[in-house]
Amino acid sequence: MTTHWLPALVALPIAGAVLAPTLPRRGAWSWGFAVLLATLGVALFLAGLLPDGALSYPMGGWPPPFGIELRFDVLSAFAVPVALVSALAVPFAARTGGPIATPEGIAVILLGTGGMMGFMVAGDFFTLFVFLEVLSLSAYAMVAMSEERGAGIAAFRYLLMGAVASIVILLSVGLLYTLTGSLNMADVGARLPDGGLPLHLATGGFVAGFLLKAAAFPLHVWLPDAHATAPSAVSAILSGLIVKMGVIGLLRTPGLEHLHELLLWVGAASLLAGALFALVQDDLKRMLAYSTVSNVGLIVLGLAVDRTGATVHILNHAVIKASLFLAAGAFIHRAGSRQIEGIGRGMPLTTTAFAVAGVAAIGIPPTGGFTGKWMITLGALEAGRPVVAAIVLLGAVLLGLCYARFLVVVAFRSGPAEEVAGGEAPPAMLLPILALAILTVGLGLVGGQLAAFVGP
Amino acid sequence: MWTLTPGEVGRLTFAVDSVALHFAFLTILVGLGVLVFALRAFGGAGQEGDAASGNPRRRFLLTAVPTLGAVLGAVFAGDLLTLFVFFEVLALLGFLLVRQGEGAREAAIRYFWWMLVGGLLLLGGILLHAGGSSGPGSALLILGFGVKAGMLPVHGWLPAAYSKAPAPASALLSGVMGKVGIYGIFRVLSDPSTMEALHATVLTLGLTAAAYGALRALAQSDAKRLLAWSSVSQIGVILTGLGVGAWEGSLAHVLTHGSAKGVLFLAVGAVALRCGTVQLPRLGGLWRAMPVTFALSLLASLALVGFPFLRASGGKAEIHHALEGLPAAEAAFFLASAGTVAVVLKLIADVFLGPVVSPASSKVAEGRGRAPLALGLAIAALPLLFPAMPADLPYFMATLGGGAGLHFLARRWSAIRLPLRLPRIGRPGGLPRPALPHFPRAPIGLEEGLRRRLDRYTRALSHNLALLFLVLMAALLLLA
Amino acid sequence: MELAFLEIVPGLRLHLRGDALGTLFAATAGVLWLLVLPGPRRGRRYEILLALSFVFVLGIAAAGNLLTLLVFYELLSLAAWPLIVHDETPEALAAGRRYLAYVLAGSATLLLGLGVVTMAAGDVDFGTRVEFPGAGLVLLLAGFSVKAALLPVHGWVPRAHPVAPAPISALLSGLMVGTGSFGMIRVIQLVDPPPLGILGGVSALTVVTAGLMAIRTDHLKRRLAWSTISQMAYVPLALSVLHREALAGGILHITHHAFMKGGLFLCAGLLVHHLGIRRVSEMAGVARRMPWTMGAFTLLSLGMIGIPPLSGFVSKWVMGVGMVQAGAWLPLVVLLTGALLAALYLMPIVQTAWFDAPEGGREDDSGGAQRTDPPPLTLVPVLVAASLTVLLGVGAAFPGFPLELARLAARGLGG
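In this text, all values refer to a predicted model and were calculated from it rather than measured experimentally.

The helix and strand inventory of chain B stands at 16 helices and zero strands. Every one of the 480 residues in chain B was classed for burial, and the buried ones make up 59%. In chain B, of all internal contacts separated by at least 6 residues, the share reaching a separation of at least 24 is 80%. For chain B, the computed accessible surface area is about 18100 Å², with 67% contributed by carbon and sulfur atoms.

Another point: the environment of G372 of chain A. Residues and elements named next belong to chain A. Note on placement: G372 falls in helix α15 (residues 368–382). Separated by 79 residues in the primary sequence, G372 and A451 place their C-alpha atoms 8.4 Å from one another. Once residues within four sequence positions are removed from consideration, G372 is found in contact with G309, V312 and H313.

This part covers the packing of aromatic side chains. Tallying each qualifying case throughout the model produces 32 aromatic pairs over all chains. Centroid distance Y158 of chain A to W222 of chain A: 4.3 Å. Interplanar angle 0°. Geometry classified as stacked. Remark: W222 of chain A occurs in the loop between α8 (197–214) and α9 (223–229) and Y158 of chain A occurs in helix α6 (residues 151–180); sequence separation between them is 64 residues. No difference in accessibility class separates Y158 of chain A from W222 of chain A, as the two residues are buried. Each residue in the set F119, F125, F206 and F210 of chain A is aromatic and connected to the rest through ring pairs, giving one cluster. Against the face of F87 of chain B rests K148 of chain B, its NZ or CZ located 4.9 Å from the ring centre.

A few words now on the environment of V191 of chain C. All names here are of chain C. By secondary structure assignment, the location of V191 is in the loop between α7 (166–190) and α8 (197–215). As for V191 and T389, which are separated by 198 residues in sequence, their C-alpha atoms are 34 Å apart. In this view, V191 contacts R129, V130, F132 and L137; residues no more than four positions away in its chain are not counted.

Quick look at the nonpolar core now. The biggest cluster of nonpolar side chains holds 480 residues, and the ones touching the most others in it are F78 of chain A together with W156 and W317 of chain C. When residues in this core are grouped by element, the largest group, 19 residues, is from helix α16 (residues 386–412) of chain A. Once you skip the residues sitting within four places of it in the chain, W317 of chain C turns out to touch P6, G7, V9, L81, L123, I126, L127 and A130 of chain B. Membership of the second largest hydrophobic core comes to eleven residues, among which are L323, A332, A336 and Y395 of chain B.

It is worth spelling out the confidence of the model for chain C at this point. Residue and element names in this part refer to chain C. The predicted model of chain C has a mean per-residue pLDDT of 87, with 95% of residues at 70 or higher. Scored below 50 in pLDDT, residues 362–368 shows 13 contacts in the model against residues more than four places distant or in partner chains. In the predicted complex, the global pTM is 0.86; the interface-specific ipTM is 0.88.

A few words on the interface of chain C and chain A. Residue-level contacts link 31 residues of chain C with 32 residues of chain A. Taken over both partners, the interface formed by chain C and chain A buries close to 2700 Å², and the fraction arising from carbon and sulfur atoms is 82%. There are one salt bridge connecting chain C and chain A. For E88 of chain C, the salt bridge identified is with R345 of chain A, shortest N-O distance 2.8 Å. Of all the elements in the fold, those that place two or more residues in the side of chain C that touches chain A are β1 (2–9), α2 (44–62), α3 (66–84) and α4 (90–121) of chain C. The element best represented in the side of chain C that touches chain A is α4 of chain C, accounting for 14 residues. A breakdown of the residues in the side of chain C that touches chain A according to their chemical character gives 23 nonpolar, two polar and six charged.

The subject of this paragraph is the environment of Y57 of chain A. Residue and element names in this part refer to chain A. As for its placement among the helices and strands, Y57 is situated in strand β1 (residues 55–58). Setting aside anything within four residues of it in sequence, one finds Y57 in contact with T3, H4, L6, P7, I68, E69 and L70. Polar side-chain contacts of Y57 include one of 3.2 Å to the side chain of H4.

All names here are of chain C. Enumeration according to the criterion identifies 19 salt bridges over all chains in this entry. Between D218 and R279 there is a salt bridge; the shortest N-O distance is 3.7 Å. Here D218, found in the loop between α8 and α9 (220–232), pairs with R279, found in the loop between α11 (244–275) and α12 (286–289); they are 61 residues apart in sequence, far enough to count as distant.

This next bit is on the confidence of the model for chain B. Residue and element names in this part refer to chain B. A residue-level look at chain B finds 77% of positions with pLDDT of 70 or above and a mean pLDDT of 77. Taken element by element, chain B is modelled with least confidence in helix α16 (residues 446–479), mean pLDDT 54, and with most confidence in helix α9 (residues 223–244), mean pLDDT 90. Across residues 45–52, where pLDDT falls below 50, the model places ten contacts with residues more than four positions away in sequence or in other chains. Scored below 50 in pLDDT, residues 362–367 makes ten contacts in the model with residues more than four places away or belonging to other chains.

Our next topic: the interface of chain C and chain B. Taken together, the contacts link 35 residues of chain C with 34 residues of chain B. Carbon and sulfur atoms supply 73% of the area buried between chain C and chain B, which totals about 2800 Å² over both sides. Scanning the region where chain C abuts chain B turns up zero salt bridges. Counting the contacts that link chain C with chain B gives one residue pair in polar contact (both at pLDDT 80 or more).

Here we take up a nonpolar patch on the surface. All names here are of chain A. Together, L137, F156, L159 and L160 make up a nonpolar patch on the protein surface, roughly 370 Å² of accessible area in all. In terms of residues, the nonpolar patch owes the most to one element, α6, which gives three residues. Tracing the backbone through its elements, the reader meets L159 in helix α6.

With that settled, the discussion passes to the packing of helix α14 (residues 348–362) of chain A against helix α18 (residues 427–445) of chain A. Residues and elements named next belong to chain A. With their axes 9 Å apart at the nearest point, α14 and α18 run at an angle of 35° to one another. The way α14 lies across α18 gives a crossing that is left-handed. Facing α14, whose interface residues are L349, T350, A353, V356 and A360, α18 presents L430, I433, L434, A437, T440 and V441. By residue class, the composition of the contact of α14 with α18 is nine nonpolar, two polar and no charged.

To continue, consider the layout of surface pockets. Of the voids in this model, the second largest pocket is the one considered here, and its volume is about 1300 Å³. What lines the second largest pocket is a set of 44 residues, and nearest its centre among them are T352, A355 and V356 of chain A together with L49 and L52 of chain C. When contributions to the lining of the second largest pocket are tallied by element, the ones reaching two or more residues are α14, α16 and α18 of chain A together with β1, β2 (12–17), α2, α3 and α4 of chain C. Of the residues forming the lining of the second largest pocket, the biggest block, ten residues, is contributed by α14 of chain A. Of the residues contributing to the lining of the second largest pocket, the split by class is 32 nonpolar, eight polar and four charged.

Residue and element names in this part refer to chain B. With 15 residues, helix α11 (residues 291–305) should cover 21 Å at 1.5 Å per step; its first-to-last C-alpha distance of 21 Å lies within 8% of that length. Among the residues of α11, T293, F294, L296, S297, A300, S301, A303, L304 and V305 are the ones counted as buried. Once α11 ends, the next one or two residues include G306, with phi positive near 85°.

Moving on: unusual backbone geometry. For residues besides glycine, phi is generally negative; the peptide bonds are generally trans as well. In this model, P365 of chain A is joined to P366 of chain A through a cis peptide bond whose omega is 0°. Tracing the sequence through the fold places P366 of chain A in the loop between α14 and α15. Following P308 of chain C, the chain continues to P309 of chain C via a peptide bond in cis, the omega torsion being 0°. Among the secondary structure elements, P309 of chain C is positioned in the loop between α13 (291–305) and α14 (311–325). For A149 of chain C, which is not a glycine, the phi torsion comes out positive at approximately 60°. Relative to the helices and strands, A149 of chain C is located in the loop between α5 (134–148) and α6 (156–163).

Bringing the side chain of T180 of chain A into the picture now. All names here are of chain A. Following the sequence through the fold, T180 ends up in helix α6. The class of T180 is buried, set by a relative accessible area of 8%. Of note is the side chain of T180, whose polar atom sits 3.2 Å from the backbone oxygen of S182.

Criteria and thresholds
One numbering rule holds for all chains: residues counted from 1, following each sequence as written. Labels follow written order: the first chain is A, the first ligand is 1, and so on. Confidence filtering applies because this is a predicted model: local features only for residues at pLDDT of at least 70, side-chain atom pairs given and counted only at 80 or more, and all residues used for totals across whole chains, interfaces and linings. The basis for every side-chain value is the complete set of non-hydrogen atoms in the structure, without hydrogens or water. Here a strand is any run of E in DSSP of at least two residues, a helix any run of H or I of at least four, and the numbering for each starts at the N terminus. Classification of residues uses two cut-offs on accessible area relative to the type maximum, computed with a 1.4 Å probe and protein chains only: under 20% is buried, over 50% is exposed, and between them is partly exposed. Residue contacts are defined here by distance: any two heavy atoms, one from each residue, within 4.5 Å place the two residues in contact. The accessible surface values rely on the Shrake-Rupley method and a 1.4 Å probe; as for residues, cover is taken only from the protein chains in view. We call Phe, Tyr and Trp rings a pair once their centres come within 6.5 Å, taking the six-membered ring for Trp, and we label the pair stacked below 30 degrees between planes, edge-to-face above 60, and tilted otherwise. Comment: the charge-over-ring label is applied if NZ (Lys) or CZ (Arg) is within 6 Å of the ring centre and within 35 degrees of the ring normal. Here the nonpolar core consists of buried residues drawn from Ala, Val, Leu, Ile, Met, Phe, Trp, Tyr and Cys, with membership extended through side-chain atoms lying within 4.5 Å. By definition, pLDDT measures how confident the predictor is in each residue, and it falls between 0 and 100. As a working definition, buried area equals the accessible area (1.4 Å probe) given up by two parts on being put together, with both sides summed. The working definition used for a salt bridge is a side-chain nitrogen of Lys or Arg within 4 Å of a carboxyl oxygen of Asp or Glu. Each residue is assigned to one of three groups, with Ala, Val, Leu, Ile, Met, Phe, Trp, Tyr, Cys and Pro labelled nonpolar, Asp, Glu, Lys and Arg labelled charged, and all others, Gly among them, labelled polar. Pairs of N or O atoms are called polar contacts if they sit within 3.5 Å, as long as, within protein, a hydrogen donor faces a hydrogen acceptor (for residues adjacent in sequence, only side-chain-to-side-chain pairs). Within this analysis, patches are made of residues with over 30% relative accessible area and no salt bridge. Like charges are joined at 9 Å or less; nonpolar side chains (Val, Leu, Ile, Met, Phe, Trp, Tyr) at 5 Å or less. Comment: axis = line fitted to C-alpha atoms, over the contacting stretch for helices; angle = value between 0 and 180 degrees taken between N-to-C directions. Handedness of a helix crossing follows the sense of rotation of the near helix relative to the far helix, less than a right angle counterclockwise being left-handed and clockwise being right-handed. Think of a 1 Å grid over just the protein atoms. A cavity is a set of points where a 1.4 Å probe fits yet cannot get out, a pocket is an open set with protein on both sides within 12 Å along at least five of seven lines, and lining residues have an atom within 4 Å of a point. Grid points are joined across faces, edges and corners, and a volume is the space filled by probe spheres set on the points. Expected helix span is computed as 1.5 Å times (number of residues minus one).

Right, dumping it as structure tokens:
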């Protein structure tokens, strides 16, 4: 009986998205917020059932290999941060204004969240693809809703590359169906042939498509523009959540264990390249975007050496990056432009939250960023790859310098923004930022339990 | 029983034995004399500036009294570490003492560095003793204490410091503080664990210093510098005694030299107060004006040269007796003794005897104010009454003869303007040569060229005497 | 006394534990913090981070396993950064950037080392002996040497000190560098130590080179920073001897050096604050204007050189005895050379401050220069530091004083 909540996880935000445009402008964000809070409750409830094993829900009563199946497993536990970050992003988005604050904007956010929920609980590859499209289209729309210059082009480029990825993934789904005669994930895994070109093509297609969605180097080129120009609340969702869908897709890919070597080096390259690019950025949000590339690299690398570590980092990074983007949004909102030199002097709480989240992003213990990074480092060492472990830590050092640099810009340097500054961000912005920043530390303190929760 | 084991760090221990009392006795009397002398020798407050820096007397007393305390602490130290503590404290106080002299900046800084290096050598030696390697440890200890005492190869700070410090400070340095170094060397050499080779080394160094210092002293025209070099010589004599094992003679001579040199430095200080200079050529005939100073200086001089009818003269004779059977050592010792005679002859003759060269330039040494000066001198001379050892009359006569000869020679040389007078000390340009106007410059002729060549030769000789003696002694000792 | 909680990564818990070494370190930190607390108010950020840093130092002192030590170590590193760049000048920001680069690189090395150790030995509690590959030891020592300011990785020290506010310089020199040495001691006590010749060689080189650099540095705080590098390299030097007494001396030196160098930096701060003097060459005759300050400075300098009976002497003595007992001659020579170098870079300051004529004035001219000693309350920390130097030196053997604690703490090592 309890598992009826499983479709509700997907249905709630999507239904909310449908209703949202009908609401008045002021009511829309409260509606979205309420819906997402409800979704969060559902997600928490379902996650609480996880220790008894994965939940399965056959749609329409058809048993799994034939009907459509929804599965809530360890990876789906990511639904909790998805719901949380989305929920917190909604009031933030409403406060920043612009198209994203309209009922339509809220609807797109809700739709995207629903897409992500569906993506995570999809039990078969076709459903997976459908929800991937839903969330991708919402993402394009969210980027396009920015008033920033260049946002349109960024969204269009995002769309083009996302479409390529979608097509590749769709082809792979078809290939997989012809190979195994099934689309159900568990079923496909059981019927998978031992080798052969078609299987490799299918796996390769999935990996390439999802790496593009995850923005691993060198397939990251769409990400910085899209994330930097999107409204900050959207950036938080994009960087914290949507990019992770690519990684979750990778984790769902059959036959991935043959590609560990590739993932390892793509991840390492992504980690280093992202950090290096981040080091030379002059725009805060762009730097954060490249930092995402770096962290995705870490996660991809982690898939090869320590899946549990990678999963933990997916969760933690979502919270960390969301907090960072929201703080950046608060700075920009207060400054009224991207000229944020010295804005932090008048916003000590936001700056502190930014600093704490930055520390977590670097992976300093005992914050959330450390747990996954540590497990992946240890995994690399145990796999006999000290070089990879060193790369992981080198990436952390580089990122540390990036964050320090922007902390200097925000809090130590004087600039035009200092005079503009009118004190702390409004509560609708500040509270989400603080909540997420506190959560980054809290998650770090219970890292061991978290790892045990998502572990095998 | 005093041993060379360092004590627990952070815990000062003290012990009293007869040797310590001996040194303490000297310290107290000479120190008291110096303090009394200083009451008058330094101007009081109200001259200029504020109380912190403008009161030389207060400043001196504030330095000298702790110095005496530290010296007492050092000689009553119950272990090596405690001794070291006071040694370092003395180094700092000594720096402050020297620094109070006019134009003594360079000399004081040099003093400090020498003491610091000495302290580090000492520390190294003590650490080695703590770790159980007493052999090299003792060598380092002797070197470290030697710095403080003014032992020959490590005496580089001494002439400048003694001559630039104010006279009472010089008296303290030479009469009291230098003796702490001697005290340390005594403790090391009298320890049964010390190697025989160290005794021989100290003996060699002592003899060399005794002879070399006397000759250098003879070449000085600055009374304080003369006394400084004489101190090097006398410390050499004491070290000779310690090296050869003549403990009692050495300790007696410590008392003699400490007191006598204290008196002489104070006397020179009194002369400086009166005449405003200590350049020997500008002094003369002061015995009439300063009879007490003269008498006490004479007493001190006689004690130094081993005048047989004085109780204080026995130490030297004892040391001499211990040297029997070492012909080279005896020869060097004779040279040193004769040199000492010549030096005190020169001092007494140039300062107190002869024609009155310079009229009084200062009011201080006249009239009512004189009493503390004389009293100070007298107190400092008290220890001279104590050491009781039979002196050696024939030997004294011989040294007297030799000394007279040397004195005569030196006079002759100085008549032809021997550069031995002004050896260069320190860095080039560090110490300006005082101009001596009463030696008219003769036009350079053939004779002049000859003299100059002779000058150069003798200067080279004097500068290399130390080396010469060192080699000679080493060779002879090896033969013996 | 132990307390374990919060498993922050699988298999590793935060773990607090009190022992002699930690107690001594914590006590040192406490006293030093009390010394730097007075002084001008510098704003909320400064105060909060100062308090946080104290908490983190206590965490380091009370860490019961390697992970906890590293956690607080990194937190301290980060919390110190805004303090270093507090003045927000371009130079300060540049120095802060360099500091962060060094410290983060060090932290990364440490984490790698912790990884190696964890792989081989799991959760490692202090007070036990474990075995892990030599690579772990090398990585951990290398990581800690960044904070300990050993030679090739010392670069942040002479840059960060001159730009930081004086109390922060005092803390950096007094404790921050000490945390590196502290970590090294903790690590060495975990294992059956192999010969540490390389560590000894590096430390010796650091002592001498940094001493020479200090001599030729004119900027007062930078000279003191070089002095810190030179003096604190004694600790790994003593550690490398692998002798109990030498290690006790090293541990003691962390404490004694903290107070002395802290006091010296506070004096330097007073000079900057009240007279605007930053360079040694400007200090001629300054003692006539600030006799109390420079009196404390002089005493602390003498202590730093190791003049008995001041505290610097005690720690060097204990180290020296251990070295001699272990037959380590080279470290002993380095120890004495370091003292000579300390005199060479500190005594000229004292000499010029007390005895040289101020610029444009005559020697012995004190009428022109006004006595401008800071108000008594500001002087208190400096004077307390100076009297601590005397007290910890003269009373070194008292029970419960640092010497006893240091000997207790060094018990774990053979010899």
